[in-house]
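Below are the chains, spelled out letter by letter.
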Amino acid sequence: AKQNGRDNAKFFEAYMASEVTSRFQYEQEIKDALDQQQFHLLYQPQVDTLSQSIVGFEALIRWSHPANGMVSPAEFIPIAEESNLICRIGDWVLEHSIATLSQWQKECANALPIAVNISGRHFVAEGFIKTIETLLLRHQVDGQLLKIEITEGVFIHDMSQCIDIMGALKAIGVEISVDDFGTGYSSLHYLKELPLDILKIDKSFVREIGDQAEGDKICEAIIQLAHNLDLKVIAEGVETQEQAKVLNRLGCYIHQGYYYDRPLSEDAALKLLKREQHT
Ligand code: C2E
Ligand code: CA
Ligand code: CA
Ligand code: CA
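Given the structure is predicted, the values throughout are model-derived calculations rather than measurements. (Residues numbered from 1 in each chain as written. Chains lettered and ligands numbered in written order. Predicted model: local features only at pLDDT ≥ 70, side-chain atom pairs only at ≥ 80, totals over all residues. Heavy atoms only, no water.)

**Here we look at the pairing of strand β8 (residues 232–235)**
In this sheet, β8 lies alongside strand β7 (residues 198–201) in parallel orientation, the contact comprising four bridges. Paired with Ile201 across the strands is Ala235, a residue of β8. Where β8 meets strand β9 (residues 254–255), two bridges bridge the pair, whose relative direction is parallel. In the sheet register, Ile234 faces β9, and the bridge partner there is Ile254. On the question of chirality, the crossover connecting β8 to the parallel β9 by way of helix α10 (residues 241–250) is right-handed. (Pairing = 2+ DSSP bridges. Helix = DSSP H or I, 4+ residues; strand = E, 2+ residues; numbered from the N terminus. Right-handed = clockwise from strand over helix to strand, strands pointing away.)

Dropping the structure here:
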């Protein structure tokens, strides 16, 4: 048994060592990806079902790794979030989204807003607001064209700090969405305390619609809550006509999902934007 215990300890040490190496290697690969332009953004339309028009886009990052092909953000974002690498990625996403907005402004009569996903660590990092202000100014883009999506996880940080950051974003016209609403563990207190604009219903709730009789109850509750608190509400992951119908019936009219459009390349998004404006 003693021998066995020692083996286990050895195994654990080796495991930890390889874990450290692979994390280190993984982080190095992310740094290389930033330096070598291996990231790009896709833009998924958000549709207003009342006016039947596109009202904005969400920027979603993609990594084409030279050896491993497409790596999902669901894989590398959590790893980047364990260090300040997530701030470098977030800055890159902001820079590219704002540059895209500037491009759209030149090519279309009306550019539409882009929502950017920002991790908690980055949101409260020093210089976050300054970076946004600088980029908007440099690219001559109005703050109202940029939206920030954060998850409830952000609110584990100091409330008064969150209030300050959100206030600064508000002051330059940048709206704030709570992403994946209802999937975190936070209390609902923050909804009263913080100057939020939008609740995004997570696709895990939208998926339940129509599945069983009670499937739409959570969506209904979130939509009611948003209305009562005077917040806008967006449903993500809308895949079927039935889900769209139910959401409309419940009073949620801004939808995002494969039923309408997949995340699109920058060119495809611009084409869609131009077509929208001719109709
Ligand atoms: P999210 O912010 O909740 O984004 C929505 C995800 O749902 C995206 O996955 C999108 O492609 C996918 N989606 C859209 N419509 C549908 C649909 O109808 N059905 C289904 N099943 N899925 C749909 P994606 O692009 O793989 O991103 C996964 C997550 O990675 C995002 O979840 C977000 O948390 C994170 N992420 C993506 N881009 C960024 C980024 O630029 N920065 C940060 N910090 N996180 C990002
Ligand atoms: Ca999002
Ligand atoms: Ca989500
Ligand atoms: Ca998310």
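**Overview of the coordination of the calcium ion (ligand 3)**
Taken together, Asp180 (OD), Asp202 (OD), Glu236 (OE) and Glu236 (OE) make up the protein donors of the calcium ion (ligand 3), found 2.0 to 3.1 Å from the metal. Binding-site remark: the calcium ion (ligand 3) is held by donors from one chain whose sequence spacing is D-x21-D-x33-E. If you look at the calcium ion (ligand 3) and the calcium ion (ligand 2), they sit 5.7 Å from each other. Pair noted here: Asp180 is in strand β6 (residues 175–181) and Glu236 is in the loop between β8 and α10, with a separation of 56 residues, a long-range link. The exposure class of Glu236 is buried, given its relative accessible area of 9%. (Donors = N, O, S within 2.8 Å, 3.2 Å for Na, K, Ca; no water. Buried < 20%, exposed > 50% of the residue type's maximum accessible area, 1.4 Å probe, protein only.)

**Looking at the environment of Leu135**
Looking at the secondary structure, you find Leu135 in helix α5 (residues 128–138). Each C-alpha atom of the pair Leu135 and Asp91 lies 9.7 Å from the other, and the pair is 44 residues apart in sequence. Excluding residues within four positions of it along the chain, Leu135 makes contact with Leu94, Glu95 and Ile98. (Contact = heavy atoms within 4.5 Å.)

Worth remembering: the numbers are spatial, not functional.
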